[in-house]
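Okay, here's what each chain looks like letter by letter:
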Amino acid sequence: QPCDIGSAGGIAVVRVVNEGGEALHYVSGPLEVGSEVNIVVNWERRQDLMHQHSAQHLITALAIELFGYETLSWDLGQEVTTIDLSTEELAAEEFVCLEDRVNSAIVTGHAVSPRWISRDSEEMAMLKS
């Protein structure tokens, strides 16, 4: 998933990586070591990424429910998001059906909220099967 960008102390944050559970921020200029800075997230980009990520989960759930197609992989890109389903080809009728159900689910406006699932829980085992 693409990282958030924005600024730290008025200096552009151009890349963020997770290294050993720590968020490393790459900036376009120097910052004084040990100084406190205000962090500003590019909210337009963050919101776009959140929408795309939520849509991926919705498409995945409905593809399983409607056709039994699992998501094999997905890529949340800067311009295009792709989802690879466990089928050689998604028939035109299947695409239309999936699109209609996804749009219908979006219109109903279900609340979306994050939650943590324990790696060794029954729910996680069901998700992996």
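Check the entry above for the structure.
Computed from a predicted model, the values in this text were never measured in an experiment. (Residues numbered from 1 in each chain as written. Predicted model: local features only at pLDDT ≥ 70, side-chain atom pairs only at ≥ 80, totals over all residues. Heavy atoms only, no water.)

Here's the deal with the packing of aromatic side chains
Basically, it comes down to this: Working definition: a ring pair exists when centres of Phe, Tyr or Trp rings (six-membered ring for Trp) sit within 6.5 Å. Plane angles under 30 degrees give stacked, over 60 give edge-to-face, the rest tilted. Remark: a charge is flagged as sitting over a ring if the NZ atom of Lys or the CZ atom of Arg is within 6 Å of the ring centre and within 35 degrees of the ring normal.
This model, assessed by the stated rule, comprises 1 aromatic pair. Note that Arg-15 overlies the ring of Tyr-26, its terminal NZ or CZ placed 4.9 Å from the centroid.

A few points about the sheet that holds strand E4 (residues 39–41)
In plain terms, the rule: The pairing criterion for strands is at least two bridges between them, as found by DSSP. A run of H or I in DSSP counts as a helix once it spans at least four residues, and a run of E counts as a strand once it spans at least two, with each numbered from the N terminus. Each axis is a line fitted through C-alpha atoms, and for a helix only the stretch in contact is used; angles between axes span 0 to 180 degrees, taken between their N-to-C directions.
Across the sheet, which stays open at both edges, the 4 strands sit in the order E3-E2-E1-E4 with antiparallel pairing between neighbours. With partners counted over all chains shown, the strands left at the sheet margins are strand E3 (22–27) and E4, one partner each. Within this sheet the neighbouring strands show an average axis-to-axis angle of 40°, counted without direction.

Concerning the layout of surface pockets
Rules: Only protein atoms enter the 1 Å grid used here, on which a cavity is any set of points holding a 1.4 Å probe that cannot leave and a pocket is any open set flanked by protein within 12 Å on both sides along at least five of seven lines; residues with an atom within 4 Å of a point are listed as lining. Grid points are joined across faces, edges and corners, and a volume is the space filled by probe spheres set on the points. Polar here means any residue outside two lists: the nonpolar Ala, Val, Leu, Ile, Met, Phe, Trp, Tyr, Cys and Pro, and the charged Asp, Glu, Lys and Arg; Gly therefore counts as polar.
Quantified by volume, the largest pocket comes out at close to 1,600 Å³. Contributing to the lining of the largest pocket are 34 residues, with His-53, Ser-54, His-57, Val-112 and Ser-113 lying nearest its centre. Elements with a minimum of two residues in the lining of the largest pocket: helix H1 (43–67), strand E5 (71–76), helix H2 (92–108) and helix H3 (122–128). With 13 residues, the single largest contributor to the lining of the largest pocket is H1. Here the residues of the lining of the largest pocket are counted per class, giving 17 nonpolar, 12 polar and 5 charged. Surrounding the second largest pocket, 14 residues form its lining, Ile-59, Ile-83, Phe-95, Leu-98 and Val-102 being those nearest its centre. At the level of elements, H1, strand E6 (81–85) and H2 are the ones that each hand at least two residues to the lining of the second largest pocket. For the lining of the second largest pocket, the leading source of residues is H2, giving 5 residues.

Section: the nonpolar core
What counts here: To qualify as a nonpolar core, a set must consist of buried Ala, Val, Leu, Ile, Met, Phe, Trp, Tyr and Cys residues joined through side-chain atoms within 4.5 Å. The rule is simple: take the accessible area with a 1.4 Å probe, protein chains only, and divide by the maximum for that residue type; under 20% is buried, over 50% is exposed, in between is partly exposed.
Core analysis: the largest hydrophobic core is formed by 6 residues, namely Leu-62, Ala-63, Tyr-69, Leu-85, Leu-98 and Val-102. Listed by contribution, the elements that provide at least two residues to this core are H1 and H2.

A short note on H1
What counts, and what does not: Residue count minus one, scaled by 1.5 Å, sets the expected span of a helix. Throughout, a residue-residue contact means that at least one pair of heavy atoms, one from each residue, lies within 4.5 Å. Two N or O atoms count as a polar contact when they lie within 3.5 Å, although within protein this holds only if one can serve as hydrogen donor and the other as acceptor, and sequence-adjacent residues are included solely when both atoms are side-chain atoms.
Its 25 residues give H1 an end-to-end C-alpha distance of 35 Å, which sits within 8% of 36 Å, the value for a rise of 1.5 Å per residue. Considered for burial, the residues of H1 that qualify are Arg-45, Arg-46, Leu-49, Gln-52, Gln-56, Thr-60, Leu-62 and Ala-63. Here the buried face of H1 lies against E4, E5, E6 and H2. Residue Asn-42 occupies the N-cap position of H1, its side-chain oxygen lying 3.3 Å from the main-chain nitrogen of Glu-44. Two residues or fewer after H1 comes Gly-68, characterised by a positive phi angle close to 75°.

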